[in-house]
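# Inside the fold
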Amino acid sequence: MVHTSLDKIIALQQNTSNIRNLCILAHVDHGKTTLADCLVASNGIISHRLAGKLRYLDSREDEQIRGITMKSSAISLHYATGGNDYLINLIDSPGHVDFSSEVSTAVRLCDGAIIVVDAVEGVCPQTQAVLRQAWLENIRPVLLINKIDRLIVELKFTPQEAYTHLQKLLEQVNAVTGSLFTSKVLEERAEKDSETQGTSERSGGEQVYDWSSGLEETDDSHLYFSPDQGNVVFASAIDGWGFSMQQFAQMYSQKMGIRSEVLLKTLWGDFYLNAKAKKIMKGAQSKGKKPLFVQLVLDNIWSLYEAVVIRRDKEKVEKMVASLGLKVAARDARHSDPKVLLNAICSQWLPVSNAVLTMVCTKLPSPLDMESERVERLMCVGARRFESLPEKTQELKTAFLECKNDDTAPVIVFVSKMFAVDSKALPRNKQRPLTQEVLAERREAARRKHAERMAANQGASQAANQGAGSRETAPPAGENCAGGEAPPGGTEALKAGPVTDESRDHFVAFARVYSGVVRRGQRAFVLGPKFDPALALKLLPEGCSAVDDLPPVPHMACCTLESLYLLMGRELEELEEVPSGNVLGIGGLEEWILKSATLSTSPLCPPFTPLNFEATPIVRVAIEPKHPSEMPKLVRGMKLLNQADPCAEVLIQETGEHVLVTAGEVHLQRCLDDLRERFAKIEISASKPIIPFRETVIRPPKVDMVNEDLGRQHKFAVIHQVREEAAAAGPEGVQLDPSGQVTLTTSNKMATVAVRAMPLPEEATRLLEASGELIRTMEHFNLSAKEGKGRRWRGAVERIWAFGPRRFGPNVLLNSVEGYGRPSVWQCLEEEGSGGGGVGAYWDFDSSVVSGFQLAALAGPMCAEPLMGVCFCVERWDMTFPARRTEEDYASHHALGSPEDCFGPISGQLIAAVKEACRHAFQARPQRLMAAMYTCDIMATGEVLGRVYGVLSKREGRVLAEEMKEGTDMFIIKAVLPVAESFGFADEIRKRTSGLASPQLVFSHWEVISSDPFWVPTTEEEYLHFGEKADSANQALKYMNAVRRRKGLYVEEKIVEHAEKQRTLGKNK
């Protein structure tokens, strides 16, 4: 196809109804970038021969070396079908789990997605993840089943076997969609039932639940993938072919005289062709007949592969080419590689780009078809509902839905990420091809200068011959050696300009226009994620714009859109304006946007919902420059890296270390390479990965280390012995009673605090970690603490004083002080007047107790790591006040407004006392470390399963499930693996299995390490089994000592044991 001009694309941007914004989503190595190459080749940007080999949208060097996509890249394509011209804004996204944040940035800007699934590997973990992301963003997916050639060449399937395999594959994909749909319907049903339950409780009636009713009422037929609906394409992108049912239905309707509508419904399914009656009939499977899809479609493709690739039958190939009416070049027919000939035939017969782009244009929505539900989701940040937004803000919903290109429509743009661009790639710095007119002018100027120079040289030689002086000939003033005129200082200016331009890092915002027309040089508001339009409504005058001089509003700034770009893969094209519904790049926003933001000309526009990231950054490394003098360059480089990568985080720890947090090993390596070569441009050294741990307490164990049941008396004897040792080793003033309660008095004897530590129920810990919206789950929190937890948990929700660390973590401080009527953490939810009234004498010191708890929860006593799943219960709190600070006269004294002691020495001493009491209460319980865990999905062949299990067991992994994929020799192994043992895991498993197993690691949860880091043998059986020193490997102790050593804390270990005096034989002669 002829290369589409920039003017044509600019014209297509004006017609919003014919724009399609879509991304390609898939598991790693399922063929996304190869498919993108085929689509790019259809526009003449690259050659059809290079499609699949060039990987045009993988513009980074490390992407080409590793063979995986690491970033989202966009390109605009033109496609004509059905008499209409369409603009396809295509975004290719990564499939590797480490770069799933890039998938989130791509999905947000699109209205549809192509889900690519490998015909052999089927639905993989990342396939499920991308389907879930598409579902959460409410975009419509279509399916492409790729690599069907592998069923022919590798698995040697017959057409009938391949048909059965494809049916099962389609069922697997639809099962994932069905589970997402079911969960959504049940969630909505639960919300409605909770409302009706509230009304029924008030009326005293009974409520009967019927969970299936919601599923039966809701229509879900449009959600699923089915070839007869036209939302499935079967393809082999590397061989350049692909087809949908419509193509074969139209092809055979002319040959067989059957209407294409009938063929479309019967080509996929249990139908067969009765040759005698010349009718399509049902029941192919029961009657042992070939299904229509096998007979009319797959048999033809199989016979083509057999003739070209397997048997290389030239005569048969020539007959096929002639019957299809194709023209094959002689060099393709003579080529030694049969795939070249196959590609030449297939790309003419069933070009994959036609099938995919036709499906995209007919089945995916335009920006005008955006659903109102999606608009409401985008406009509501966090737990906020659409109805709670100001009325004028709600009116902007119509601007989203109408997607107008008028000047009256407010401009609304969402920036999903910032990406760095080399200054040479910017349009203003690129060399443009010269037109014929410019070439003719330059040629004429060169001739003229040459003639002048020749005339000057002749005059000089004549003067020399005549002996008219020994004057040197020189070029005329203002003329350089090349004959071009140069202004004074022109050379210096040319040298200085590019240097300053190249020294600056250019960032381009990856964005989409949702409403209005964006123009170059336009002023707009930058709205941060915490911006509140209700506050802007109060502070700003009505009808104001970004050009006006306005009072400051929190989380809002004004910026100028310096330049607009059309994203064309590796190229950028400059634009003057971009209408709504289009994807674009915006330059000059690096000073205003860190990672993502909302831009609008209306201050009433709410910020968009934050992006949904599947992968959590968990791998940390400390970074420092090789030469300390280059530290400023490193700091600047890390700031730029933080801006350029949507998932990476940059921290400065309390120790002063610069820490980089990434999603995995591959992501970490890419970030370090970027830092060295692009952003900091210095030599850096990275530490070994910093493994995060958590500290917790558990219930006293019922068995010892050799699984012998601990008797009740013996168990208590052991616990008392440990507590007596802890009390003896503890500081003065700390009292530990047999029940585990710690009582501590401040140094000035004015405050006494009694604290007890308890393990939180596992369900409650998980809830606190996963959900910030605890308000909706208070009842569940109560229910999760039923069995065997004792009476202490009754009414615990109302007594919650604070969460920690940092006031939102998975630890709880309970207020169990008798007679202390203090409002709980839920006081903001209570109706006015229902909260605890009056003023308490201790209330001024509340913050000191909470601060002490926060400090204790932030750094535990084992290795100064944060606590998790621990509940501290304050059971007694006594304060000794001077005579004037009694309970009776406290209220009148408080009303006078005199300076209080709550900010004096007693406050600091109380913080220290509470912190120490919490730490000792923690140590009074059995302590354990919690390790971060990856879920590990491994696809491996049967012959290497033993080696995979060997690597997993060596690295403390645990296999959860193993299942075989039907129709293949592949096994899917689900396992959990500690993050601490995961470094080098992927490389080792590939080496041990010769590349036949490929793991995917995703951070999952925190898990208690069962072994006690402080364990010493106590029972007779343990002495017999482990010996007196018990010096066998203790995994928890190893982890704990490694963290303590890294943090510079004291490590209790013997460097030399049972040493003997060294003898030098030479001295004893």
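Residues numbered from 1 in each chain as written. Predicted model: local features only at pLDDT ≥ 70, side-chain atom pairs only at ≥ 80, totals over all residues. Heavy atoms only, no water.

### What about the overall build of the protein?
Across its full length, the protein holds 33 helices and 34 strands. With 1069 residues in all, the protein has 48% of them scored as buried. The long-range share in the protein, meaning contacts at least 24 apart out of those at least 6 apart in sequence, stands at 75%. (Helix = DSSP H or I, 4+ residues; strand = E, 2+ residues; numbered from the N terminus. Buried < 20%, exposed > 50% of the residue type's maximum accessible area, 1.4 Å probe, protein only. Contact = heavy atoms within 4.5 Å.)

### Here's the deal with the sheet that holds strand β23 (residues 684-686)
Read across the open sheet, the four strands follow the order β21-β22-β20-β23; overall the sheet is antiparallel. With partners counted over all chains shown, the strands left at the sheet margins are β21 (649-652) and β23, one partner each. Each neighbouring strand pair of the sheet contributes to a mean axis angle of 30 degrees, computed without reference to strand direction. Relative to β23, strand β20 (residues 619-625) runs antiparallel, the two sharing three bridges. Residue Ile 623 lies in a different strand from β23, and its bridge partner there is Ala 686. Sheet contacts for helix α22 (residues 631-644): β20, β21, β22 (658-662) and β23; angle to β22, the most-contacted strand, approximately 25 degrees. Strand contacts of helix α23 (residues 665-679): β20, β22 and β23, with the helix running at about 135 degrees to β22, the strand carrying the most contacts. (Pairing = 2+ DSSP bridges. Axes fitted to C-alpha atoms, helices over the stretch in contact; angles between N-to-C directions.)

### Considering the nonpolar core
Grouped together as the largest cluster of nonpolar side chains are 104 residues, with contacts concentrated most on Ile 586, Leu 599, Leu 660 and Ile 938. Among the elements that make up this core, the one with the highest residue count is helix α15 (residues 352-363) (seven residues). Residue contacts for Ile 586: discarding those within four places in its chain leaves Val 413, Phe 507, Val 508, Ala 509, Ala 511, Leu 561, Ser 563, Leu 564 and Leu 599. (Core = buried A, V, L, I, M, F, W, Y, C linked by side-chain atoms within 4.5 Å.)

### Some points on unusual backbone geometry
The peptide bond linking Gly 804 to Pro 805 adopts the cis configuration, its omega dihedral lying at 0 degrees. On the secondary structure map, Pro 805 appears in the loop between β28 (800-804) and β29 (811-815). Backbone geometry places Arg 312, a non-glycine residue, at a positive phi of 55 degrees. Here Arg 312 shows up in the loop between α11 (292-310) and α12 (314-324).

### Focus on the confidence of the model for the protein
The predicted model of the protein averages 81 in pLDDT, with 81% of residues at 70 or higher. Contacts from residues 205-209, a stretch scored under 50 in pLDDT, to residues over four places away or in other chains number six contacts. Here residues 831-839 scores under 50 on pLDDT; set against residues more than four positions off or in separate chains, the count is five contacts. (pLDDT = per-residue confidence, 0-100.)

### Details of the packing of aromatic side chains
For the coordinates displayed, the defined rule picks out 21 aromatic pairs. Where Phe 400 meets Tyr 514, the ring centres are 5.9 Å apart and the plane angle is 55 degrees; that geometry is what we call tilted. Linking Phe 400 in helix α18 (residues 396-402) with Tyr 514 in strand β11 (residues 506-515), this pair joins segments that are 114 residues apart in sequence. Aromatic pair Phe 400 and Phe 608: ring centres 5.6 Å apart, planes at 45 degrees, arrangement tilted. With a gap of 208 residues between them, Phe 400 in helix α18 and Phe 608 in the loop between β19 (597-600) and β20 connect regions that are remote in the sequence. Pair check on accessibility: Phe 400 and Phe 608 agree, each one buried. (Phe/Tyr/Trp six-rings, centres within 6.5 Å; stacked < 30°, edge-to-face > 60°.)

### Notes on the packing of helix α4 (residues 100-108) against helix α5 (residues 125-136)
At their nearest, the axes of α4 and α5 sit 10 Å apart, and the two run at 30 degrees to each other. Judged on the interaxial angle alone, α5 and α4 are roughly parallel. Like other packed secondary-structure pairs, α4 and α5 cross with a definite hand, here right-handed. In this structure, α4 contributes Ser 100, Val 103, Ser 104 and Val 107 to the contact, and α5 contributes Gln 126, Val 130, Gln 133 and Ala 134. The residue makeup of the contact of α4 with α5, split by class, is four nonpolar, four polar and no charged. (Parallel < 35°, antiparallel > 145°, perpendicular 65-115°, else oblique. Left-handed = near helix turned anticlockwise from the far one by under 90°. Nonpolar A, V, L, I, M, F, W, Y, C, P; charged D, E, K, R; others polar.)

### Some thoughts on the side chain of Ser 416
Its location among the elements puts Ser 416 in strand β10 (residues 412-421). Residue class for Ser 416 comes out buried when judged on its relative accessible area of 1%. Once residues lying within four places of it in the same chain are set aside, the contact partners of Ser 416 are Thr 105, Leu 109, Phe 510, Lys 595, Ser 596 and Leu 611.

### A word on empty space enclosed by the protein
Using the criterion set out here, one finds four cavities of 30 Å³ or more in the structure. In this model, the largest cavity occupies a volume close to 110 Å³. Taken together, Cys 38, His 48, Ala 51, Ala 237, Ile 238, Gly 240, Asn 343, Ser 347, Pro 351, Val 352 and Ser 353 make up the lining of the largest cavity. Those elements that place two or more of their residues in the lining of the largest cavity are α14 (338-349) and α15. Within the lining of the largest cavity, the residues separate by chemical class into six nonpolar, five polar and no charged. (1 Å grid on protein atoms, 1.4 Å probe; cavity = no way out; pocket = protein on both sides within 12 Å on 5 of 7 lines; lining within 4 Å. Points joined across faces, edges and corners; volume = space filled by probe spheres on them.)

### A short note on the sheet that holds strand β26 (residues 742-745)
Within the open sheet, the six strands sit side by side as β25-β26-β27-β30-β29-β28. Their pairing is mixed. This sheet does not close on itself; its edge strands, each paired only once, are β25 (734-736) and β28. On average, each strand axis in the sheet is tilted by 20 degrees relative to the strand beside it, whichever way the strands run. Summarising the sheet, β25 and β26 pair through three bridges and their orientation is antiparallel. Each bridged residue has a counterpart across the sheet, and for Leu 736 the counterpart in β26 is Val 742. Contacts from helix α27 (residues 846-858) reach β28, β29 and β30 (870-879), with the element oriented near 35 degrees to β28. Its contacts with the sheet place helix α29 (residues 905-923) against β25, β26, β27 (751-759) and β30, and it is angled at close to 35 degrees to β27.

### Observations concerning the pairing of β27
Burial analysis of β27 places nine of its nine residues in the buried class, the great majority of the element. Burial of β27 is two-sided: the residues Ala 751, Val 753, Val 755, Ala 757 and Pro 759 facing one way and the residues Thr 752, Ala 754, Arg 756 and Met 758 facing the other way are all buried. Between β26 and β27, which pair antiparallel in sequence order, lie five residues; one of them, Lys 749, sits at a positive phi of approximately 60 degrees. Where β27 meets β30, nine bridges bridge the pair, whose relative direction is antiparallel. Looking at the pairing, Ala 751 lines up with Met 879 of β30.

### Examining α23
For α23, which comprises 15 residues, the first-to-last C-alpha distance of 20 Å matches the rise-based estimate of 21 Å (1.5 Å per residue) to within 8%. The first or second residue beyond α23 is Lys 681, which carries a positive phi of 55 degrees. (Expected span 1.5 Å × (residues − 1).)

### Observations concerning the packing of α27 against α29
Where α27 meets α29, the axes come as close as 7 Å, and the angle between the chain directions of the two elements is 45 degrees. For the element pair α27 / α29, the angle class is oblique. The crossing of α27 and α29 is right-handed. Residues Ser 848, Val 849, Ser 851, Gly 852, Phe 853, Leu 855 and Ala 856 of α27 lie in contact with α29, whose contacting residues are Ser 907, Leu 910, Ile 911, Val 914, Lys 915 and Cys 918. Of the residues belonging to the contact of α27 with α29, the class tally is eight nonpolar, four polar and one charged.

### A look at helix α2 (residues 32-41)
Most of α2 is tucked away, with 10 of its 10 residues classed as buried. Within α2 the residues assigned to the buried category are Lys 32, Thr 33, Thr 34, Leu 35, Ala 36, Asp 37, Cys 38, Leu 39, Val 40 and Ala 41. Those residues of α2 that are buried are in contact with β1 (19-26), β2 (73-81), β3 (84-92), β4 (112-118), β5 (140-146) and α15.

### What to know about the pairing of strand β6 (residues 232-236)
β6 sits mainly inside the fold: five of its five residues count as buried. With burial as the criterion, each face of β6 is covered, one bearing Val 232, Phe 234 and Ser 236 and the other bearing Val 233 and Ala 235. Inspection of the sheet shows β6 paired to strand β7 (residues 241-243) by three bridges, in the antiparallel sense. Across the sheet, Ala 235 pairs through a bridge with Gly 242, a residue of β7. In sequence, β6 turns back onto β7 through a hairpin of four residues, with Gly 240 there showing a positive phi of about 80 degrees.

### Looking at the environment of His 165
Checked against the element boundaries, His 165 lands in helix α7 (residues 159-203). Along the sequence, His 165 and Gly 122 sit 43 residues apart, while their C-alpha atoms lie 9.7 Å from each other. Sequence-distant contacts of His 165, that is, excluding residues within four places in its chain, are made with Ala 119, Val 120, Leu 151, Phe 157, Glu 966 and Thr 968. Polar contacts involving the side chain of His 165 include one to the main-chain carbonyl oxygen of Ala 119, which spans 2.5 Å. (Polar contact = N/O pair within 3.5 Å; in protein donor to acceptor, adjacent residues only side chain to side chain.)

### Describing the side chain of Lys 417
Secondary-structure assignment places Lys 417 in strand β10. Within the local environment of Lys 417, its side chain forms a polar contact with the backbone oxygen of Ser 72, the two atoms lying 3.3 Å apart. If sequence neighbours within four positions are ignored, Lys 417 has contacts with Lys 71, Ser 72, Glu 102, Thr 105, Val 508, Ala 509, Phe 510 and Lys 595.

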